[in-house]
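# Descriptive structure summary
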Amino acid sequence: MFKSYHKLISVAAMLTLTSVSAIAASDASRTYENGKKVIDGGMIYPVKNGQTAGYYLNTQKAYKDIKFGRPATANEMKAWDIDVMYDGTGLPEGKGSVEEGDEIYEAKCASCHFDFGAGGSGYPALQQGNAYEMQKTLMLQRLKPDDDGPHRNFGSYWPYASTLFWYIKTGMPHPAPMTLTNDETYALVAYIISINEIKIDGEELDDDFVLSKDNFLKIVMPNKDGFVPKIEGKDGLENTRKFYDNPKNFGGNKERCMKDCFKGEPKVARIQGVGISEYAPPLSSKKEKPAKKEGATGGNEAKTTYDASCAVCHATDAMGAPAVGDKKAWVSVLKKGIDKVYENGIKGINGMPPKGGTALDDAKFKAVVDYMIKASK
Amino acid sequence: MNKSISASKSVETATEQLGRRNFFKKTAAYSVSALAAASVIAPVKVKAEDDPAIMEEQPWAVKWGQPVTYNLYGQPSAYESNVTRRTTELLSSGNMRASIAVTPLQDLSGIITPNGLFFNRHHGGTPDIDPNEHRLMIHGLVEKPLVLTMDQLKRYPNVSRIHFIECPANGGPEWRNPQFPSVQFAKGFMSCAEWTGVYIKDILKDLGLKPDAKWMLAEGGDSSHMGRTVPIDKVLDDAMIVWGQNGEALRPEQGYPIRLLVPGWEGNLCVKWLARLEFASEPYYCKEETAKYTALRKDGKAIQHFYANEVNSVITSPCPEKPWTDLKKGDTVEIEGLAWSGMGTIEGVDISLDGGKNWVEASLKGLVLNRAWTRFSFIHKYDGKPLFLSSRARDDAGYVQPSVKQERDAVGVEGVYHRNGWCSHMGN
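Cut-offs applied
Residues numbered from 1 in each chain as written. Chains lettered and ligands numbered in written order. Predicted model: local features only at pLDDT ≥ 70, side-chain atom pairs only at ≥ 80, totals over all residues. Helix = DSSP H or I, 4+ residues; strand = E, 2+ residues; numbered from the N terminus. Contact = placed C-beta atoms within 7 Å. Pairing = 2+ DSSP bridges. Axes fitted to C-alpha atoms, helices over the stretch in contact; angles between N-to-C directions. Nonpolar A, V, L, I, M, F, W, Y, C, P; charged D, E, K, R; others polar. Expected span 1.5 Å × (residues − 1). Buried ≥ 20, exposed ≤ 12 C-beta atoms within 10 Å, placed from the backbone. Parallel < 35°, antiparallel > 145°, perpendicular 65-115°, else oblique. Left-handed = near helix turned anticlockwise from the far one by under 90°. Arc of directions from axis to C-beta.

On a plain count of helices and strands, chain B comes out with 8 helices and 23 strands. The contacts in chain B between residues at least 6 apart in sequence include a share of 70% that link residues at least 24 apart.

This brings us to the sheet that holds strand E9 (residues 227-231) of chain B. What links the strands of a sheet is backbone hydrogen bonding, and the strands pair in either a parallel or an antiparallel sense. Pairing within the open sheet is mixed, and its 6 strands lie in the order E3(A)-E5(B)-E4(B)-E13(B)-E8(B)-E9(B). Strands at the two margins of the open sheet, each flanked by one partner only, are strand E3 (70-71) of chain A together with E9 of chain B. Pairing of strand E4 (residues 135-140) of chain B with strand E13 (residues 274-280) of chain B involves 4 bridges; the strand directions are parallel. By the bridge assignment, methionine 137 of chain B is partnered in E13 of chain B with arginine 276 of chain B.

Before going further, it helps to examine the sheet that holds strand E21 (residues 374-381) of chain B. All names here are of chain B. Overall, antiparallel pairing links the 4 strands, which are arranged E16-E17-E21-E20 in an open sheet. Each edge of the sheet is formed by a strand with only one pairing partner; in this case those strands are strand E16 (312-317) and strand E20 (363-365). Direction aside, neighbouring strands of the sheet carry axes that sit 35° apart on average. Both E20 and E21 contribute to a ladder of 3 bridges, which runs antiparallel. If you follow leucine 364 over to E21, its bridge partner there is phenylalanine 376.

As a further point, take the interface of chain A and chain B. Across the contact, 95 residues belong to chain A and 102 residues belong to chain B. Mapped onto the side of chain A that touches chain B, the elements with two or more residues apiece are E3, helix H2 (74-80), helix H7 (162-171), strand E6 (227-228), helix H9 (236-245) and strand E7 (279-280) of chain A. Classifying every residue of the side of chain A that touches chain B by side-chain character gives 49 nonpolar, 25 polar and 21 charged. Where E3 of chain A and strand E5 (residues 146-149) of chain B come together, 2 bridges link them in antiparallel fashion. Its bridge partner lying in E5 of chain B, proline 71 of chain A is registered against leucine 146 of chain B.

Time to look at helix H8 (residues 182-195) of chain A. Since one α-helical turn is 3.6 residues long, residues separated by three or four positions face the same way. Residues and elements named next belong to chain A. Between its first and last C-alpha atoms H8 spans 20 Å; for 14 residues at 1.5 Å apiece the expected length is 20 Å, and the two agree. With 12 of 14 residues buried, H8 lies mostly within the body of the structure. If you check which residues of H8 are buried, you get Glu184, Thr185, Tyr186, Ala187, Leu188, Val189, Ala190, Tyr191, Ile192, Ile193, Ser194 and Ile195. Buried residues along H8 sit in contact with strand E4 (95-97), helix H3 (98-108), helix H6 (154-157), H7 and strand E5 (210-212). Of the residues one or two after H8, glutamate 197 is the one with positive phi, at around 60°.

Residues and elements named next belong to chain A. Their axes nearest at 10 Å, the elements H7 and H8 cross at an angle of 130°. By the angle between their axes, H7 is oblique relative to H8. Relative to H8, H7 is oriented so that their crossing is right-handed. Side by side, H7 and H8 meet where Leu164, Phe165, Ile168 and Lys169 of the first sit next to Thr185, Leu188, Val189 and Ile192 of the second. Looking at the contact of H7 with H8 residue by residue, the classes come out as 6 nonpolar, 1 polar and 1 charged.

Right, let's talk about helix H13 (residues 362-374) of chain A for a bit. All names here are of chain A. Taking 1.5 Å of rise per residue, the 13 residues of H13 would be expected to cover 18 Å, and the 18 Å separating its terminal C-alpha atoms lies within 8% of that figure. All buried positions along H13 are accounted for by Phe365, Val368, Val369 and Met372. Down the axis, H13 shows its buried residues gathered within 100° of arc, on one side only. In this structure, H13 carries Ala363 and Lys374 as exposed residues pointing more than 90 degrees from its buried face. Structurally, H13 contributes buried residues whose contacts are with helix H10 (301-314) and helix H12 (338-347).

Right, let's get into unusual backbone geometry. Residues methionine 172 of chain A and proline 173 of chain A are joined by a peptide bond in cis, for which omega reads -10°. The linkage connecting alanine 280 of chain A with the following residue, proline 281 of chain A, adopts the cis geometry, with an omega of -10°. Mapped onto the elements of the fold, proline 281 of chain A is located in the loop between E7 and H10. At glutamate 197 of chain A, a residue that is not glycine, the phi angle is positive and equals roughly 60°. Take glutamate 197 of chain A: it is sitting in the loop between H8 and E5. Since 17 C-beta atoms lie within 10 Å of it, glutamate 197 of chain A is described here as partly exposed. At tyrosine 285 of chain B, a residue that is not glycine, the phi angle is positive and equals roughly 55°. Tracing the chain through its elements places tyrosine 285 of chain B in the loop between E13 and strand E14 (295-296). Classification of tyrosine 285 of chain B as buried rests on a count of 25 C-beta atoms within 10 Å.

This is the structure we're talking about:
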């Protein structure tokens, strides 16, 4: 009797030990140190016994005394603080009209985004029709091949126009960002609002409509309330936390079926035709030395630059630029004399930005022009 | 064989080699003919069953290789020339300057992606940043706004962590239908590396974060000036500024000299060429938080700030690039793949051979780490018939990969991002 009682105690002791070590090994938690639930629905691994998620950490107290660097100056912060927030924070002084925007668009944007922001050749459309109508397409699902799908572009989808201002000012034109003035940026935003037929104060924009810091927040995007969770305002973080705590909101699954999980045979979806198979480089699992490139001259810098920066417009005449290889077109261009051709390229002409948007010095830019002329003889 | 015998044998061998070396030294001018003579001296009748790769001296076995001064930064064997990132026009805009090149999962082993094969997504091309002229600014709702040179940043005590980075569009082109006869393109918008850097919370200790700081903008210094908003909860948990990737400096394609690492979350949040962190009381609505990196549900509402890449897996062997065409009926072979979760640690992986009707548990193998690739393995006796293979992972947050049907029923087919339904492929 005593013996078996003793045995029971030691078993209990062992169990306690086991469970302690099990807790130490699995230190995952759903709660931050401040008592709040995780924000992404996942697990975190608080530091226990000098470890987090199996990694050892230095936990010396002197850690808090570590400080390097220097204070940022007021001018430095102003120079780099380029963001524009949805509440208007960061909007600079300036103004621009729809008509001015149209002109700038033709000169600096249409070469990629095409006329009226129609998009194409891999460059995004800036409008696909009346934004209010297009917003309604967000309900559409392409369940069959011929179904119409949702149109997601600036007018139909984006919640705030501040993002457009910020993006144009700091990211466009794509080959030469940070080159537009604040006035030009206001004008371009006004133009893009107008081609999306977005109303301000209930009115579509006339050509002489002027957008500025003062009336910018009057732009109300058609899909402003189209996003979940609601992240703006004082409850933004808590809304997000709640949202990811519920798998239904984002299609999370917790079921694990092992046997006879559905009736009948599995439904097979097949790749249509050959599928997408134009890969660069082509797929191969062969163990082989690289094929020698045909006609590789080595170090043809001008050709490399042309391929990377100029071919997008000059490969064909679709953008109105003389196509490389089009003998006639180049003979006509060269009638002006080679110096004029260089000058036009360096300064920019028609839809072409200065030096095609590259950062080449004059000599290197001229070498690229020479290469293009030679390749068109 | 005891030790002394084996030692004396190796001495004999060394003496023999020395003799041979002397022989060649003396007859250097005739070494080519001497080699030819060697096989004439000891002729062997080669039979059809004999492998010429064994029977004939290979050219690399009878002449010098490269000196140690060759390729002082090592390169893969030239025979591995087909193991590369790849891209396709479909995934590109901006003349390959706003594009993606994806990782050849079919060629990888273990859980670490070599730096040259790490997938590469950018929005304005890969910049050539001089680290001496690059700065990191931390400002906004902090008491002490800060500027750091790269040398100063690296003075902070560093930590190293193995984490995957996954583009949330991984698998995204296949919401409506399978598209890619390739595991590289179907699932290669991700890679996994050991990252070295500093926890942002450690830098913030001295900066005096203000109580109303709820969101952090991270912005790149490249031509796209790409930004993303990160909630403060993640910043103060495990977000890092990293400069090391698998033991060396980040590659330019990965953000040299520094990038943000937001473990497990959308790769797009791991802003490359990081230049600026600003704290604010409101989210920023960056360009990549609008038409891109939001997931449109079938109710017409789009999920914004969709952070964690959910639990996922892929079978990498067999795969379309490396089918089992060399196997015979009755061969016993390993089915292998990768599992990962941006919500935590992989708990297990199930395998189905019949298109998801019945499942068996596979083995995990190697290291099983938080928000890192995890290898799984299943030994299978191949009966020569086509298989309909699937893998399904689960994580410690309790999530199990849904079927494609479950996922489509829940959110529709237009989400583009965060597709983690288990997919099958035919293996034969």
